[in-house]
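Structural overview
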Amino acid sequence: MFRTADGEDAPEPEPEETGRGLFARLRDNLSRSRRAMAQQLAGVMFDPADTEVWERLEEALLLSDCGVPATVTVIERLEADADAGRLTTADELSARLQQIIAELMTPSDDPRIDITAHPAVLLVTGVNGTGKTTSIGKIAWHLREAGRTCVIGAADTFRAAAGEQLETWAQRAGADFVSSQSGGDPAAVAFDAVAAAESRDRDVVIVDTAGRLHTQGHLMDELRKIHRVIAGRIDGAPHEVLLTIDATTGQNGLQQARLFAEAVEVTGIVLTKLDGTAKGGIALAIAHELGIPVKLIGIGEGIEDLRPFDPADFARALFAGGE
Amino acid sequence: MFESLSDRLGATLDGLRSQGRLSEEDIQKAMREIRLALLEADVNFGVVRDFVAKVRERAMGAEVMESLTPGQQVVKIVHEELTELMGSAGSGLSFANRPPTVVLMAGLQGAGKTTMCGKLARVLAKQKRSPAMVACDLQRPAAVQQLQTLGKSLQVPVYERGTDADPVEVAKWGVEQARAQGRDVVIIDTAGRLHIDEELMDQLVRVKQATKPHNVLLVLDSMTGQDAVNVAQAFAEAVDYDGVILTKLDGDARGGAALAVRAVTGKPIKYVSVGEKLDQLEPFHPDRLASRILGMGDVMSLIERAQEQISETEAREMEAKLRKSEFTLEDFLGQLRQVRKMTAGQGMAGLLGMLPGVGRQIKNLKVDERQIDRVEAIILSMTPSERRNPRLIDGSRRRRIAAGSGTNVQQVNQLLGQFKQMQRMMKQVGKGKMPQLPGLMRR
Ligand SMILES: Nc1nc2c(ncn2[C@@H]2O[C@H](COP(=O)(O)OP(=O)(O)O)[C@@H](O)[C@H]2O)c(=O)[nH]1
Ligand SMILES: [Mg+2]
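None of these values were measured; they are calculated from a predicted model. (Residues numbered from 1 in each chain as written. Chains lettered and ligands numbered in written order. Predicted model: local features only at pLDDT ≥ 70, side-chain atom pairs only at ≥ 80, totals over all residues. Heavy atoms only, no water.)

Examining the overall build of chain B
Per the secondary structure count, chain B includes 21 helices and eight strands. Here chain B holds 443 residues, and 56% of them are scored as buried. Within chain B, contacts between residues at least 6 apart in sequence are counted, and of these 75% link residues at least 24 apart. Total accessible area computed for chain B in this model is approximately 19100 Å², and 47% of it derives from carbon and sulfur atoms. (Helix = DSSP H or I, 4+ residues; strand = E, 2+ residues; numbered from the N terminus. Buried < 20%, exposed > 50% of the residue type's maximum accessible area, 1.4 Å probe, protein only. Contact = heavy atoms within 4.5 Å. Areas by Shrake-Rupley, 256 points an atom, 1.4 Å probe, with all protein chains shown as cover.)

This is the structure in structure tokens:
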């Protein structure tokens, strides 16, 4: 999950599979769509001239919120393969489909969270209710599991009780917590948090921000200012700017990613709430159109419910045939 | 940004007009555009299919085939059908004969339930009722404190029993509390839950059974994608809600998810939420949401908001100017400032999203908030006579203005070009020819 200075991958906690474990649940939920797709494709001899197969594929992609342009790209690639005689069975079609999706979702750079700097600064932003605060709690916990110390800065000084919410997470994750009075200046809190990490010799600073719609110009300016203040304090910081995108989000997610990335250089996406039935296809649309990689996924409300993003798993979860 | 359906169909169909009657193939193309537009707006795939079939039937009729502007005719049909599908204008809450009226909020995580409790309480207090709120989101850290803070700012009591209690018990106790204290409406906040989380859905059912609410409201994020159908259906099966509140409509989401809810459950949309502040709640208007889904702008909302902000005399002066085509850079500056007032707290894009055809033109002018600052500086660096008559502004004046405003000559040129375009557009509006307005003003 993290890229550290010594080049070693920080150790990952083993995911628990007690009772209705997380993965079991996730697999369960995703298998619905999988089953639907699988049923449609299973066993049949695949005839590229059969428009119905293509329509079903298109339907499945669109129903997963992949959006029209990304869907068209995927189908065109498959059609090209079929025309070239490379796809003859449904199984080949399904495998190639997953491969294409995984390819589109695979970033050229290291997909891990970069904590090589000391302290490394992570700025977390996104639309209201997408899961910023929760994701920060989870990241902080995973950092501690990996043996790193962490300061959390509460720069959401707008929403009622946002500070209390974050403080609860900080306690659960064993992280230091830096805040100001409600209504305070978010950039000042970010600055204080970074300063605290430096003076206490902590490894990582995570800065929470207030939820904002990408269309709110003054709030996007505020975000730029937070970014600027952090950059002014430490060269090269923030080392990661993470944008939370709710997996249930439709095509508006593209606009969110576009405008947030215009305001501050977004380095990765945290795709949250993948534990529902939403398939998060909007992440494919974002990767396809903007090239912003997904780095982490949220799969529940518990503190451990965060995973590194795996393009192949994602593609498989979307469409894999069979159980 | 998305193209509006109006632009797309105009390009597809109106051009063909010159060739005489529309062919089957033309209609096919148009239906494809409609399908794309609706999918981009997050209307559910299945709903789109049925909807397009219906529109197709009507589009084959005489009203389109013989029209001079078939593209606009099809847009009109789509808009009408969409409005129809959207149901009637939002009716408010139903009130119990014997108070307290109980309102139960439900929805996914992060939809905006807690804030919505505050907004409803505020509306009710305005209506001279005495609301109270019950904190039953014991799941998310500090959700109780959030509701308490809202209650304090509204001076509305919040009943809470910490986070160790059972939410069903707290809900029941809260309603009793309201009754005992003579509050006439009690709003129950609940934890966000996934529609497939059986345990938590069951808990919601038990809260409903224990409190016998007169209104169960589903809070739905307007940015929701295709999954909205599953969410709407699962919550309907569990708690048979009475209506939907659509949140975060102050952004640029088209809100097509709402259609799925209507189409699949038949439940009405009651309110729309347009901001984080507690007064940003509006009744639902089906035709406005239809326009928005089609990317045709929210004409009525814009006009209403403008009316709040611009005095009547100002408006009349403006109109007279438009008719005489005397639109100067000074007016332009005045308008920009007006726009800024109107968009206070929600940004240019919010406002632009509400403008039809005109919006598209302004969009093409690429106005954004930082640019407003620049434009303001440039205009302020002109002499009054230059502002009234931009033709005076020659090369050396441009350099002077650029230096004075801290911009460059290119930016000054750009502004003058934009202004000219705007002036032309205003002239058209002044002559009563609202550009690109597909019969929407006749509502
Ligand atoms: N089911 C589920 N819920 C989540 C996930 N991440 C966040 N949430 C919930 O979404 C809601 C909003 O999260 P919050 O962190 O407050 O969002 P913020 O406003 O962006 O800071 C809370 O109820 C969280 O518990 C996730 O991965 N799965
Ligand atoms: Mg938050």
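Back to the write-up after that little detour.
Quick word on the site of ligand 1
The environment of ligand 1 is made up of 18 residues, and the closest members are Lys132, Thr133, Thr134, Asp275 and Glu301 of chain A. Bordering ligand 1 are residues originating from chains A and B. Take Gly129 of chain A: an N or O atom from its main chain is 3.0 Å from an oxygen atom of ligand 1. Against a free-state accessible area of 580 Å², the protein chains account for coverage of 95% of ligand 1. Top contributing element to the shell around ligand 1 by residue count: helix H5 (residues 132-145) of chain A, with four residues. For the shell around ligand 1, the per-class residue count stands at two nonpolar, ten polar and six charged. (Near = heavy atom within 4 Å. Polar contact = N/O pair within 3.5 Å; in protein donor to acceptor, adjacent residues only side chain to side chain. Nonpolar A, V, L, I, M, F, W, Y, C, P; charged D, E, K, R; others polar.)

Side note on helix H12 (residues 286-293) of chain B
Structural remark: α-helix, 3.6 residues per turn; residues separated by three or four positions point the same way. All names here are of chain B. Most of H12 is tucked away: eight of the eight residues are buried. Of all the residues in H12, the buried ones are Pro286, Asp287, Arg288, Leu289, Ala290, Ser291, Arg292 and Ile293. Following H12 by one or two positions, Gly295 has its phi on the positive side, about 70°.

Some remarks on the nonpolar core
Met105 and Ile187 of chain B are the most contacted members of the largest nonpolar core, which has 99 residues in total. Here this core spans two domains, and each of domain 1 (3-86) and domain 2 (101-295) of chain B adds at least three residues to it. Every residue in contact with Ile187 of chain B, bar those within four places of it in the chain, is listed here: Val103, Met105, Cys117, Leu120, Ala121, Leu124, Ala132, Met133 and Val134 of chain B. Judged by nonpolar contacts, the second largest core, of 73 residues, contains Leu78, Leu93, Val194 and Val207 of chain A. (Core = buried A, V, L, I, M, F, W, Y, C linked by side-chain atoms within 4.5 Å. Domains from an automatic or database assignment.)

Here we look at the confidence of the model for chain B
Residues and elements named next belong to chain B. Of all residues in chain B, 77% have pLDDT values of 70 or greater, and the mean over the chain is 81. This model gives residues 298-305 a pLDDT under 50, and the stretch forms 23 contacts once residues within four places in sequence are excluded. Considering only residues more than four positions removed or in separate chains, one finds that residues 432-443, a stretch of pLDDT under 50, has 32 contacts. Here the predicted complex scores 0.79 on pTM and 0.88 on ipTM. (pLDDT = per-residue confidence, 0-100.)

Describing the confidence of the model for chain A
All names here are of chain A. Per-residue confidence for chain A averages 88 on the pLDDT scale, and 86% of its residues sit at or above 70. Note that residues 17-27 has pLDDT below 50 and, in this model, 20 contacts with residues that lie over four places away or in other chains. Every residue in residues 29-35 is under pLDDT 50, and counting partners more than four places away or in other chains gives 19 contacts.

Overview of helix H9 (residues 252-263) of chain A
Residues and elements named next belong to chain A. Given a rise of 1.5 Å per residue, twelve residues ought to cover 16 Å, and the 17 Å separating the end C-alpha atoms of H9 matches this to within 8%. Every buried residue of H9 is accounted for by Asn252, Gly253, Leu254, Gln255, Gln256, Ala257, Phe260 and Ala263. Buried residues along H9 sit in contact with strand S3 (120-126), helix H8 (217-233), strand S7 (240-246) and helix H10 (282-290). (Expected span 1.5 Å × (residues − 1).)

Some details on the sheet that holds strand S6 (residues 204-209) of chain A
Residue and element names in this part refer to chain A. One open sheet accounts for eight strands, arranged S5-S4-S6-S3-S7-S8-S9-S10; its pairing is mixed. Two strands lie at the open edges of the sheet, namely strand S5 (176-178) and strand S10 (306-308), each paired on one side alone. The sheet shows a mean angle of 25° between the axes of neighbouring strands, taken without regard to direction. One ladder, built from four bridges, connects S3 with S6; its direction is parallel. When the bridges of S6 are listed, Ala120 appears paired with Val204. (Pairing = 2+ DSSP bridges. Axes fitted to C-alpha atoms, helices over the stretch in contact; angles between N-to-C directions.)

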